[in-house]
Amino acid sequence: ADNHLHTRHAHEYLERREYPQVPLTPPYRPLVWGDLNVIHTTDTHGWLLGHQKLSWAEPYYSGDLGEFFSFVTHMKQVAIDKDVDLLLIDSGDLHDGTGLSDGYPLGGVDAYESNKFLERLPYDLMTIGNHELYIYADTYDMYTNFVPHLAGRYLTSNVNITVFNSDGEPESVPVGSRYTKFTTRKGRRITSLGVIFNFTQNDVNTTVQTVDNMVREQWFIEAIAEEPDVFVLIGHMPVSNDSWPTVFNAVRAVHPLTPILILGGHTHIRDCRQYDGRSMALESGRYMETIGADLDAAKDNQDNITFTRRYLDQNRVTYEYHTQTSNQTFDTDDGRSISYGLEALAACFNLSYLYGTAHQDYTMNQNPYPSNGSLLSLFIEDAVPYALAINNTRDSIPNIIIINSWAIRFDLFKGSFTKNDQLTIMQYKDSFLYIANVTSGIANQVLPAMNKPTATKRKRDETGILSREINDTRDSDLLEEIDHRPGVSGREATSGNWTFGYVTRDSCPDADKADDTLHTALPYYTAPYYIGSNPPNVTADTPIDVVFLNYLGKEIIDILNSLQKDKNYTMNDVSSYSPTLTDEILGLYALAMWN
Ligand SMILES: Nc1ccn([C@@H]2O[C@H](COP(=O)(O)O)[C@@H](O)[C@H]2O)c(=O)n1
């Protein structure tokens with residue numbers, strides 16, 4: 001099937017892509033190589049064809065997995081020439097994110113096809129993310145089809161799946177390996193673990209053990225007992241404000257001086273921490289935007305170790321700069337084959353199917369919420385009410401609709417709005433439920449109550465969103481100032497010798513020199529975790545429908561019961577509101593409004 005899908009269209013498309021359609025600023029200095037070097041990806045979420053839109057700063061992330069493959073191939077050769085080690089590591093969340101992972105036909109499994117391309121990358125270590133665990137079929141597919149390709153290096157230290165064993169009995173087994181020990185090309189002995197944060201929303205027949213309990217397990221104690229040259233701890237867990245210190249301290253208690261490298265993920269940010277002078281923890285963003293490079297010069301003594309890290313924008317200009325190649329010499333045959341294969345998959349899934357044309361950008365965080373440029377406003381105030389009203393017998397009953405804003409995953413850009421865009425922004429197949437006959441006076445209090453810090457803290461801590469907000473708002477004053485500079489109005493206005501993109505200030509040495517390419521920061525506004533449609537204009541005693549995502553069921557019930565005592569709500573009061581799922585909403589809206 002792959003071969004006949006290698007269409008002319010794919011070749012033409014890729015030739016166009018090979019020369020970025022807009023000039024991109026290159027990195028401003030070479031990488032600093034050490035003795036042990038790591039190229040790190042995390043939270044790629046199916047973005048294997050990279051970012052294809054032209055609104056800034058998207059072109060900076062326009063590389064695809066084939067180009068990344070070619071980059072890694074060249075970098076491995078550079079490592080051999082320099083006679084040093086280079087590892088390729090991923091920290092999880094391959095599922096849920098674009099049409100390549102989520103645009104599969106009925107009866108398919110999320111990321112089953114797109115993962116076949118990731119299998120072709122020479123990853124040394126990979127671990128599991130929470131998005132591999134929301135749906136049992138996805139975890140089972142990983143266990144059966146993906147994990148074997150990593151030959152013992154897909155690490156799931158605290159995650160199990162229940163499968164039927166050879167006797168036909170259900171048995172809970174690690175999805176991958178609990179840990180691995182291996183020796184690098186240069187003879188460096190490495191011990192690795194793969195840990196996920198204390199995730200609780202995993203599907204039945206998958207198990208996540210808390211990090212606290214994991215470090216007390218006998219296998220863990222035995223795995224870390226022998227001293228390697230370096231511990232490489234990978235995990236789907238933010239390097240700030242989460243459980244890495246639990247793992248780090250457990251290892252440090254046994255090995256006070258052994259170098260420890262940590263490669264984390266989950267909160268979608270560029271971040272770095274040093275827990276002590278002989279360790280470094282790196283997190284490399286999201287969505288194939290950032291390639292992390294962690295390079296250390298480990299010396300066998302008691303001094304602090306010199307680490308450097310760099311956040312690379314994921315594009316050809318970056319790749320050619322660091323591998324000293326050109327458009328003519330950069331691509332490898334295997335890299336091109338991956339790019340063609342991904343294009344063919346996009347064609348097979350009909351991802352360029354056009355729903356309509358958007359006349360402006362709608363963003364998650366670059367415009368305030370609520371506002372005309374806010375995607376959250378567009379979605380919850382216009383698109384959801386429109387789509388849920390279609391063929392709905394309850395349409396005439398006033399309602400308030402509540403969703404978690406993190407169900408919306410990415411910005412919507414001016415221009416063609418395709419099947420791929422729909423799935424990129426909203427790929428979950430969540431359904432809408434409702435509770436009838438809640439008086440408007442009570443219903444209107446639900447959203448503010450959910451957004452109260454005490455109510456949301458648990459949820460935010462669990463998902464890491466709290467730490468993401470802290471990090472991402474660091475530069476908000478600067479960003480607002482930039483946005484109001486004379487002659488600058490939004491993302492299309494960039495020109496001259498500066499460009500929008502990531503401006504990172506992390507917590508490691510040389511905090512302001514970690515980005516590989518110099519940028520001007522994009523505006524950033526925080527949004528509430530829960531958002532709602534405009535309340536109906538009715539009296540406080542009018543019974544209305546409270547409509548919400550199935551993902552929020554239990555929380556809505558708890559809040560309703562805390563707001564009133566006349567009725568004790570249970571899940572028996574909840575019914576299906578519409579057959580329309582979240583991943584269909586924007587397509588229905590665009591068809592009606594943007595043609
Ligand atoms: N069915 C689902 C699953 C998840 N969500 C939202 O996604 C967030 C997790 O995504 P990360 O990339 O941060 O791991 C989670 O907090 C939910 O907000 C959803 O809406 N529906």
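Residues numbered from 1 in each chain as written. Predicted model: local features only at pLDDT ≥ 70, side-chain atom pairs only at ≥ 80, totals over all residues. Heavy atoms only, no water.

> So what's going on with the site of the ligand? Which residues, and what values?
Near the ligand, the surroundings consist of 17 residues, among which Asn130, Asn404, Arg409, Tyr428 and Asp430 are the closest. Asn130 is positioned with one of its side-chain polar atoms (N or O) 2.7 Å from an oxygen atom of the ligand. In this structure, His266 approaches the ligand through a side-chain N or O atom, which is 3.5 Å from an oxygen atom. For the ligand, whose unbound accessible area comes to 470 Å², protein coverage reaches 96%. Tallied by class, residues from the shell around the ligand come to six nonpolar, seven polar and four charged. (Near = heavy atom within 4 Å. Polar contact = N/O pair within 3.5 Å; in protein donor to acceptor, adjacent residues only side chain to side chain. Areas by Shrake-Rupley, 256 points an atom, 1.4 Å probe, with all protein chains shown as cover. Nonpolar A, V, L, I, M, F, W, Y, C, P; charged D, E, K, R; others polar.)

> Talk me through the sheet that holds strand 12 (residues 270–273); I want residue IDs and the actual numbers.
Spatial ordering of the open sheet is given by 7-8-10-11-13-12, a layout of six strands whose pairing is mixed. Sheet topology places strand 7 (179–183) and strand 12 at the edges, where each strand pairs with a single neighbour. Within this sheet the neighbouring strands show an average axis-to-axis angle of 15 degrees, counted without direction. Note: strand 10 (residues 230–236) against strand 11 (residues 260–264), four bridges, orientation parallel. (Pairing = 2+ DSSP bridges. Helix = DSSP H or I, 4+ residues; strand = E, 2+ residues; numbered from the N terminus. Axes fitted to C-alpha atoms, helices over the stretch in contact; angles between N-to-C directions.)

> So what about helix 7 (residues 218–225)? Which residues, and what values?
All buried positions along helix 7 are accounted for by Trp219, Phe220, Ala223 and Ile224. One side of helix 7 holds all its buried residues, which, seen down the axis, span an arc of 120 degrees. The secondary structure elements touched by the buried residues of helix 7 are strand 7, strand 8 (189–196), helix 6 (211–214), strand 10 and helix 8 (244–254). (Buried < 20%, exposed > 50% of the residue type's maximum accessible area, 1.4 Å probe, protein only. Arc of directions from axis to C-beta. Contact = heavy atoms within 4.5 Å.)

> Provide a residue-level description of the state of the cysteines, including the pertinent values.
All told, the structure shown has one disulfide when counted by the stated rule. There is a disulfide in this structure between Cys272 and Cys508, and the S-S distance comes to 2.0 Å. Measuring the twist about the S-S bond at about -85 degrees, one finds the Cys272-Cys508 disulfide to be left-handed. Of this pair, Cys272 sits in strand 12 while Cys508 sits in the loop between strand 20 (500–501) and strand 21 (520–521), and the two are 236 residues apart along the sequence. (Disulfide = S-S within 2.5 Å.)

The values are spatial; any link to function lies outside them.
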